[in-house]
Amino acid sequence: MAEEKKLEVKDLRISFTTANGKVQAVRDISFDLYKGETLAIVGESGSGKSVTSRAIMGILAGNAIKEGGKILYGDKDLMKTSEDEFHRIRGDKIAMVFQDPLSSLNPIMRVGQQLTEAMLLKNKTSRRESKVAMNRLFKALDENMTAAGVADAKTDLEKFKKFGIRHSKLESEYTAALDYAKQAQAEAESVIIHIENKAVDKLSQDITDFCQAAKKSVSHFVVRDRAAELEALLGDIKSKTAEAKKSKDYSAVLEDFKKAKSILDEAVSFDAPNTFTLGYYLTFDEDKIPDMPVAELNELTHDKTENEFMNPFMRRAEKGVRYSSEKTDAARREAISILKAELPVFEKAEPDRKECEAAAKKMKAAVIKCLDPLEVIKDSETHTFESSIDYAVDLYFGGFKKNAKEEKRFTKATEKHEKASRGGKTPDWEVIPASYINLEAAHQDMVDTVKDMIAHFEAQIEANKNADFAQRTLDIVDNLKEQEQNSVYRITKSVAREKAIKLMESVGIDEPRRRFRQYPFEFSGGMRQRIVIAIALTANPDILICDEPTTALDVTIQAQILELINNLKRERDLSVIFITHDLGVVANMADRIAVMYAGKIVEYGTAADIFYDPAHPYTWALLSSVPDLDTKEKLQSIPGTPPNMIYPPKGDAFADRNVNALVIDFEMQPPMFKISDTHYAATWLLHPDAPKIERPKIITERIERMQKKRGETK
Amino acid sequence: MERITDILISIPFIVVATLFQMHLADKVGSFVSLLFAFITTGWIGIASRVRTQFYRFKGQEYILAARTLGASDGRLIFRHILPNSLGTIITGTVLIIPGVIFSEANLSFLGIVNLETSGITSVGTLLSGGQSYLSKFPHMIFFPALFISLLEISFNLFGNGLRDAFNPSLRGADE
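Residues numbered from 1 in each chain as written. Chains lettered and ligands numbered in written order. Predicted model: local features only at pLDDT ≥ 70, side-chain atom pairs only at ≥ 80, totals over all residues.

What follows concerns the overall build of chain A. Counting its secondary structure elements, chain A contains 21 helices and twelve strands. Viewed in the frame of its principal axes, chain A has a C-alpha envelope of about 95 × 70 × 55 Å. Counting every position in chain A, which comprises 714 residues, the buried fraction comes to 39%. Counting contacts in chain A only where the partners sit at least 6 residues apart, residues at least 24 apart contribute 73% of the total. (Helix = DSSP H or I, 4+ residues; strand = E, 2+ residues; numbered from the N terminus. Buried ≥ 20, exposed ≤ 12 C-beta atoms within 10 Å, placed from the backbone. Contact = placed C-beta atoms within 7 Å.)

And the structure:
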């Protein structure tokens, strides 16, 4: 199975207006980010790394012009998303770690407050969204199943919904009780340690917290058999604490705490019930949880649900899914014919605005029908077609309109400039060109948008020919279950606190309970960066963008932080975009590396490709300036500075600083040459007619050494 | 907006107070018209102070960081920016009090405001009354002067104390 694409950046172009003219920060960048991988973007300062990441987060500076391209995430194109929509994406979908840990924490908010803020904030919206998504999915299933000729689709779904509600209630009760039990367990442990160490200041508060959490952990699947025992213990602890508070001697409660902890330890390790099937059992069979071990109970309810309901339901639902998919394919075929019919309107040398808008309208209407209402992984291309074509058309014609006004200013300014220079002085200012928008590119954009859409539909129809509908149905049902759970999963303040403390532990902060109440200025730099990472992870994002997270830290902390990001990535299956200027840092982090120079990706490949087989002279230069133990020679630095992007060079941007530059490097931009399936580089050296230029000695030697070492360890 | 306040702030307070006394005092009494004068000019300083503070914190990286976590504009304003600027704003507000007291004393000393028509006395009136007896009875000046100095100092100290209280990094020491 192909890996799941999380984020797709296509032909991204971003510029900034400045007093001196337009600076092209990012020129035609494309890359994909897959689930669970680390993509490192490496380059010098000013190469457009941060601009790219900020475009993804939607926090570009005010003077940025989005010239074109797409950033596809889910059903959205992040280049055209409004600020309101971004509020929903940021945090729980995409999160970011900034470079400077000193300034990315609010100095007057306690660390704990900052950690829980995003959790509480996001929980509310995610509950609401899940509910909406769930209802929409139900409705779509209903419609399609009825249309496919399933007679009792309505009753089926009603049934599903009915026990779904029961399921989510059970689930939320169970998870809440379990969360409380875990919290109480952790509190008890810390209290025991405190008593044993005779550190009893403020202990009574902790004890009250413990009692509250322990009380709430009593439920059918958590603390059940020994609930009476636990409650007796709690009462005992309370009365003893009142005395101990005065005498400052807590040794009397120690024994009780140890007992309570053992109860909780046991409770936390119980088997989890299958709440989904249990929900079915309770709704349709017998409204009482039968008294038997959880494993047996799970088996019983599972068999019942599968045989009585799920299996026949799945067969019927599959019909609906198949029907919906076929309907969508038919719509796609129609859309392709419409798109192909309208394409010439855009392809004309001088397209007409009215015609284009009419064509765009027709196309939008056709494309919007091609959305399969039963899709689980959202089809971003189709979702974003409307905004893309509107944007492309607006950009092209808007560019024309702006021209008339700008042209006037331009001629005026040129006259003034000439007058000044005729007077014998050279003016210290330059004429800003009239057009900020490249019309040719905008025109191409319009045409490409339509062409891409056609290609995409064709690919989809092809893929649907041998689709596995049973699997798809299963995905849909799983998705329904998940949405059901999410829509009732409520994070309270104390749960959020417990989660935050666990998170602090997992990013390697000692005594998280005490640290939780501290202010950022009480932490050292490395600790603060850990907090920043923990905050970015609080809302469980899909994608984590790290913008030079270790640059401000010393080397030992740097290694720890990198290790931490790596571990978190593995645990949570995160996709990470790691931005840095230091190739040494990414060596053992990245799955794939994109080397950027002057707003372009010059080389793109897996970590092994880049380190063992670098192709672009700039990558050579970067590699040879990384210090390592065995290198005896003087390290090479790269002469010169990156080009001024107000006047982007005609040829290869690196040619000026390249010792081995070819003549063509100054005249034409090299295309991306394919070296292997995973490895691409933009340099004329890869052209079949190019002269053979050896890599610098320092690199070839190092690669040999590395390969030898790799061989030894194997 | 900022330009308008810039223009307004450049009008001397004494002129505004005099105008109010001349035209409003007959109708509503000198005390009320003095209050009017303070209110119409007093907001300007605070407004620009609040604005500066908000602009200062708006650009901070942690505001951006909170934004990347999905905090809405309202939340950013009330949960992040306002608490940060609150210390300075409140301190500034408290420090306005001695300023107001002093300018009132000034005005009544110069005789622009005569609060005695409203049946109230003021340090300024006492001082200007005592001025003519300065060589014979110096204590007539000394006590009102001492009083106003102490008032000023204590309000200033109060303001400083508030500033420290709003800054957790200064508070942490005794916790």
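Alright, that's what it looks like, and here's the rest.
Check the secondary structure of chain B and you find eight helices and zero strands. Along chain B, helices (α) and strands (β) appear in the sequence α-α-α-α-α-α-α-α when read from the amino end. For a compact globule of 175 residues, the expected C-alpha radius of gyration is about 16 Å, and chain B comes in at 21 Å, more than 25% above that figure. In terms of overall dimensions, chain B has a C-alpha envelope of 70 × 45 × 25 Å along the principal axes. For chain B, with 175 residues in total, the buried portion stands at 17%. Of all intrachain contacts in chain B linking residues separated by at least 6 positions in sequence, the fraction that spans at least 24 positions is 56%. (Rg over C-alpha atoms; globule rule 2.2 N^0.38 Å.)

A few words on the confidence of the model for chain B. Any residue range with low pLDDT should be treated as having predicted coordinates unsuitable for detailed reading. Residues and elements named next belong to chain B. The pLDDT averaged across chain B works out to 84; a share of 96% of its residues lies at or above 70. No element of chain B has a lower mean pLDDT than helix α8 (residues 168-171), which averages 65, and none a higher one than helix α3 (residues 30-58), which averages 88. Of the two predicted TM-score estimates for the complex, the pTM is 0.74 and the ipTM is 0.71. (pLDDT = per-residue confidence, 0-100.)

Residues and elements named next belong to chain A. For strand β8 (residues 575-580), a buried count of six out of six residues is recorded, marking the element as mostly surrounded by other parts of the structure. Alternating positions in β8 separate into two faces, Ser-575, Ile-577 and Ile-579 on one and Val-576, Phe-578 and Thr-580 on the other, with burial throughout. Of the strand pairs in this sheet, strand β3 (residues 38-42) and β8 are connected by five bridges, and their pairing is parallel. Bridge pairing links Leu-39 to Ile-577 in β8. Taken together, the five bridges between strand β7 (residues 543-547) and β8 define a ladder with parallel strand orientation. Residue pairing for β8: Ile-545 is matched across the bridge by Ile-577. Crossover β7 to β8 through helix α17 (residues 555-572) is right-handed. (Pairing = 2+ DSSP bridges. Right-handed = clockwise from strand over helix to strand, strands pointing away.)

All names here are of chain A. Spatially, eight strands are ordered β6-β7-β8-β3-β9-β10-β12-β11 in an open sheet, and the strand pairing comes out mixed. Looking at the sheet topology across the chains shown, the edges are occupied by β6 (94-97) and β11 (673-674). Examined bridge by bridge, strand β9 (residues 592-597) and strand β10 (residues 600-606) share six bridges and lie antiparallel to one another. Counted as the bridge partner of Ile-593 is Gly-605 from β10.

Turning next to the packing of helix α9 (residues 294-347) of chain A against helix α12 (residues 439-465) of chain A. All names here are of chain A. Running from N to C, α9 and α12 cross one another at 155 degrees; their axes reach a closest spacing of 9 Å. Regarding the angle of α9 to α12, the classification is roughly antiparallel. For the crossing formed where α9 meets α12, the hand is left-handed. On the side of α9, the interface is formed by Ser-325, Asp-329, Arg-332, Arg-333, Ala-335, Ile-336, Leu-339, Lys-340, Leu-343, Phe-346 and Glu-347, while α12 contributes Met-446, Val-447, Val-450, Met-453, Ile-454, Phe-457, Glu-458, Gln-460, Ile-461 and Asn-464. Its residues assigned to classes, the contact of α9 with α12 comprises twelve nonpolar, three polar and six charged. (Axes fitted to C-alpha atoms, helices over the stretch in contact; angles between N-to-C directions. Parallel < 35°, antiparallel > 145°, perpendicular 65-115°, else oblique. Left-handed = near helix turned anticlockwise from the far one by under 90°. Nonpolar A, V, L, I, M, F, W, Y, C, P; charged D, E, K, R; others polar.)

The next thing to look at is unusual backbone geometry. All names here are of chain A. Unusually for a residue other than glycine, Asp-28 sits at a positive phi of about 55 degrees. Tracing the backbone shows Asp-28 in strand β2 (residues 21-34). Residue classification places Asp-28 among the partly exposed positions, given that 18 C-beta atoms sit within 10 Å. With a phi close to 45 degrees, Glu-548 is a non-glycine residue in the positive phi region. For Glu-548, the position within the fold is in the loop between β7 and α17. By C-beta crowding, Glu-548 is classed as buried, having 20 other C-beta atoms within 10 Å.

Opposite the 24 residues of chain A that make contact, chain B presents 17 residues. Listing elements by their share of the side of chain A that touches chain B, those giving two or more residues are α2 (83-89), β6 and α3 (111-147) of chain A. With three residues, α3 of chain A is the single largest residue contributor to the side of chain A that touches chain B. When its residues are assigned to classes, the side of chain A that touches chain B shows 13 nonpolar, five polar and six charged.

Turning to the pairing of strand β4 (residues 64-73) of chain A, a few remarks are in order. Within a regular strand, side chains alternate between the sheet's two faces. Residues and elements named next belong to chain A. Among the ten residues in β4, seven count as buried, and that is most of the element. Relative to β4, strand β1 (residues 5-18) runs antiparallel, the two sharing seven bridges. By the bridge assignment, Phe-16 is partnered in β4 with Ala-64. In the sheet, β4 pairs with strand β5 (residues 76-77) via two bridges, with the strands oriented antiparallel. Bridge assignment links Leu-72 to a residue of β5, and that residue is Asp-77. Linking β4 to β5, which pair antiparallel, is a turn of two residues; within it Gly-74 sits at a positive phi near 55 degrees.

Moving on to the environment of Leu-568 of chain A. All names here are of chain A. Of note, Leu-568 is situated in helix α17. Residues Leu-568 and Pro-617, 49 residues apart in the sequence, show an inter-C-alpha distance of 34 Å. Residues in contact with Leu-568, not counting those within four places in the same chain, are Leu-537 and Leu-574.

Entries for chain A in the domain assignment read domain 1 (5-108 + 519-586), domain 2 (132-310) and domain 3 (592-713). When each unit is reduced to the centre of its C-alpha atoms, the spacing between domain 1 of chain A and domain 2 of chain A is 37 Å. (Domains from an automatic or database assignment.)

Quick look at the packing of helix α5 (residues 203-216) of chain A against helix α6 (residues 227-247) of chain A now. All names here are of chain A. At their nearest, the axes of α5 and α6 sit 11 Å apart, and the two run at 165 degrees to each other. Looking at the two axes, α5 sits roughly antiparallel to α6. The two elements α5 and α6 meet at a crossing, and its hand is left-handed. Touching Ser-204, Ile-207, Cys-211, Ala-214 and Lys-215 of α5 are Leu-230, Leu-234, Ile-237, Lys-238, Thr-241 and Lys-245, all from α6. Of the residues that constitute the contact of α5 with α6, the class distribution is six nonpolar, two polar and three charged.

Take α12 of chain A next. Along an α-helix, residues three or four positions apart point the same way, because every turn accommodates 3.6 residues. Taking 1.5 Å per residue, 27 residues should reach 39 Å; α12 of chain A reaches 40 Å between its end C-alpha atoms and fits that length. Where α12 of chain A is concerned, the buried positions are Ala-442, His-443, Asp-445, Met-446, Thr-449, Val-450, Met-453 and Phe-457 of chain A. (Expected span 1.5 Å × (residues − 1).)

Turning next to the environment of Pro-648 of chain A. Residue and element names in this part refer to chain A. Looking at the element boundaries, Pro-648 is found in the loop between α20 (617-624) and β11. With 17 C-beta atoms counted inside 10 Å, the residue Pro-648 sits in the partly exposed group. A C-alpha to C-alpha distance of 8.4 Å links Pro-648 and Ala-598, two positions 50 residues apart in sequence.

The next point concerns helix α16 (residues 525-537) of chain A. Residue and element names in this part refer to chain A. The end-to-end C-alpha distance of α16, which contains 13 residues, comes to 19 Å, matching closely the 18 Å that a straight helix rising 1.5 Å per residue would cover. Along α16, eleven of the 13 residues are buried, which leaves the element largely enclosed by surrounding structure. Looking only at α16, the buried set comprises Met-527, Arg-528, Gln-529, Arg-530, Ile-531, Val-532, Ile-533, Ala-534, Ile-535, Ala-536 and Leu-537. For α16, the elements touching its buried residues are β6, α3, α14 (493-506), β7 and α17.

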